[in-house]
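# Survey of secondary and tertiary structure
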Amino acid sequence: MIQTLHVGYHYTHSNDFRMKIGEGKHWLIINTLSPADFFIDGEWVTCEKNAIIIYAPGIFVDYRAHNTEYKNNYVLFTTDNNFIVNTTCPLGKPITVLSQFVFDYIFHMLSIDSNFESKNQGNNLLLLYRLLFNKIEEQFVDSSM
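This write-up is about the structure you can find in this document. (Residues numbered from 1 in each chain as written. Predicted model: local features only at pLDDT ≥ 70, side-chain atom pairs only at ≥ 80, totals over all residues. Heavy atoms only, no water.)

## Some details on the packing of aromatic side chains
- Counted according to the given criterion, the structure contains 10 aromatic pairs.
- Ring geometry for phenylalanine 38 versus tyrosine 63: centroids 5.3 Å apart, planes at 20 degrees, classification stacked. Of this pair, phenylalanine 38 sits in strand S4 (residues 36-40) while tyrosine 63 sits in strand S7 (residues 60-65), and the two are 25 residues apart along the sequence.
- A relative accessible area of 1% places phenylalanine 38 in the buried class.
- When the ring of phenylalanine 39 is compared with that of tryptophan 44, the centres are 5.3 Å apart and the planes differ by 65 degrees; the resulting orientation is edge-to-face. (Phe/Tyr/Trp six-rings, centres within 6.5 Å; stacked < 30°, edge-to-face > 60°. Helix = DSSP H or I, 4+ residues; strand = E, 2+ residues; numbered from the N terminus. Buried < 20%, exposed > 50% of the residue type's maximum accessible area, 1.4 Å probe, protein only.)

Right under this line is the structure:
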């Protein structure tokens, strides 16, 4: 089961934006639309726009704008679904996105289906999460070749 807690689509924040969660209790996927700094393995790492970072519960989360207004897509959720819990993608590390258009579409659809009840809402969200993870895994394989 997947429970979406919040979805942000094309969110914009000021250049002094910072989000420090510590060890997260939920899954969090961030898709950067501007450069950002992420605290990874004890140091600040600058991540260019069009990257994705997957945080599983228990991973330390701290990120901030990088000298400009900060923009992103994100989804915060809980799950016990195997295709997410056992993802082969690195957790807490940036993955370069080769086709931002695809991820914009998925996050847009996640925000719509999460906020408006429909007869097929649960099935639609499950399919969108499956698509999201399939596309992230494709990007990870493509960028590691």
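## Digging into unusual backbone geometry
- Positive phi, close to 55 degrees, is recorded for histidine 10, a residue that is not glycine.
- Within the secondary structure layout, histidine 10 lies in strand S1 (residues 2-13).
- A positive phi is found at aspartate 41, a non-glycine position, where the angle reads about 50 degrees.
- With respect to the secondary-structure elements, aspartate 41 resides in the loop between S4 and strand S5 (43-47).

## What to know about the sheet that holds strand S3 (residues 27-32)
- Strands sit in the order S1-S8-S3-S6-S9 across an open sheet of five strands; the sheet is antiparallel. With one partner strand each, in any of the chains shown, S1 and strand S9 (95-96) form the two edges of the open sheet.
- Where S1 lies against strand S8 (residues 70-79), nine bridges are found, and the strand directions are antiparallel. The partner of histidine 13 across the bridge, within S8, is tyrosine 70.
- Strands in contact with helix H2 (residues 100-115) are S1, S3, strand S6 (51-55) and S8; relative to S1, the strand with the most contacts, it is inclined by about 125 degrees. (Pairing = 2+ DSSP bridges. Contact = heavy atoms within 4.5 Å. Axes fitted to C-alpha atoms, helices over the stretch in contact; angles between N-to-C directions.)

## Looking at H2
- Over its 16 residues, H2 extends 23 Å from the first C-alpha to the last, a length consistent with the 22 Å expected when each residue adds 1.5 Å.
- Among all positions of H2, only Gln100, Phe103, Asp104, Ile106, Phe107, Leu110, Ser111 and Asp113 are buried. (Expected span 1.5 Å × (residues − 1).)

## Remarks on the layout of surface pockets
- The computed volume of the largest pocket comes to approximately 250 Å³.
- Together, 17 residues line the largest pocket, and Met19, Ile21, Leu28, Tyr63 and Leu76 are the ones closest to its centre.
- Among the elements of the structure, S1, strand S2 (18-23), S7 and S8 are those that each provide at least two residues to the lining of the largest pocket.
- For the lining of the largest pocket, the leading source of residues is S8, giving four residues. (1 Å grid on protein atoms, 1.4 Å probe; cavity = no way out; pocket = protein on both sides within 12 Å on 5 of 7 lines; lining within 4 Å. Points joined across faces, edges and corners; volume = space filled by probe spheres on them.)

## Thoughts on the nonpolar core
- By size, the foremost hydrophobic cluster in this structure holds 23 residues, and its most contacted members are Ile29, Ile54, Val75, Phe77, Leu110, Leu132 and Ile136.
- Tallying contributions element by element places helix H3 (residues 121-143) first for this core, with six residues. (Core = buried A, V, L, I, M, F, W, Y, C linked by side-chain atoms within 4.5 Å.)

## What about the pattern of salt bridges?
- Here the structure, examined in full by the defined rule, presents five salt bridges.
- In this structure, aspartate 62 and arginine 18 form a salt bridge, with 2.5 Å as the shortest nitrogen-oxygen distance. Placement of aspartate 62 in strand S7 and of arginine 18 in strand S2 is noted, with a sequence separation of 44 residues between them.
- For lysine 71, the salt bridge identified is with glutamate 69, shortest N-O distance 3.5 Å.
- In this structure glutamate 69 comes out as partly exposed when scored by relative accessible area, which is 37%. (Salt bridge = Lys/Arg side-chain N within 4 Å of Asp/Glu carboxyl O.)

## Focus: the environment of threonine 68
- Within the fold, threonine 68 resides in the loop between S7 and S8.
- For the pair threonine 68 and alanine 36, spaced 32 residues apart in sequence, the C-alpha separation works out to 8.6 Å.
- What threonine 68 contacts, discounting residues up to four positions off in sequence, is Ser14, Asn15 and Pro35.

Scope: geometric values only; no functional claims are made or implied.
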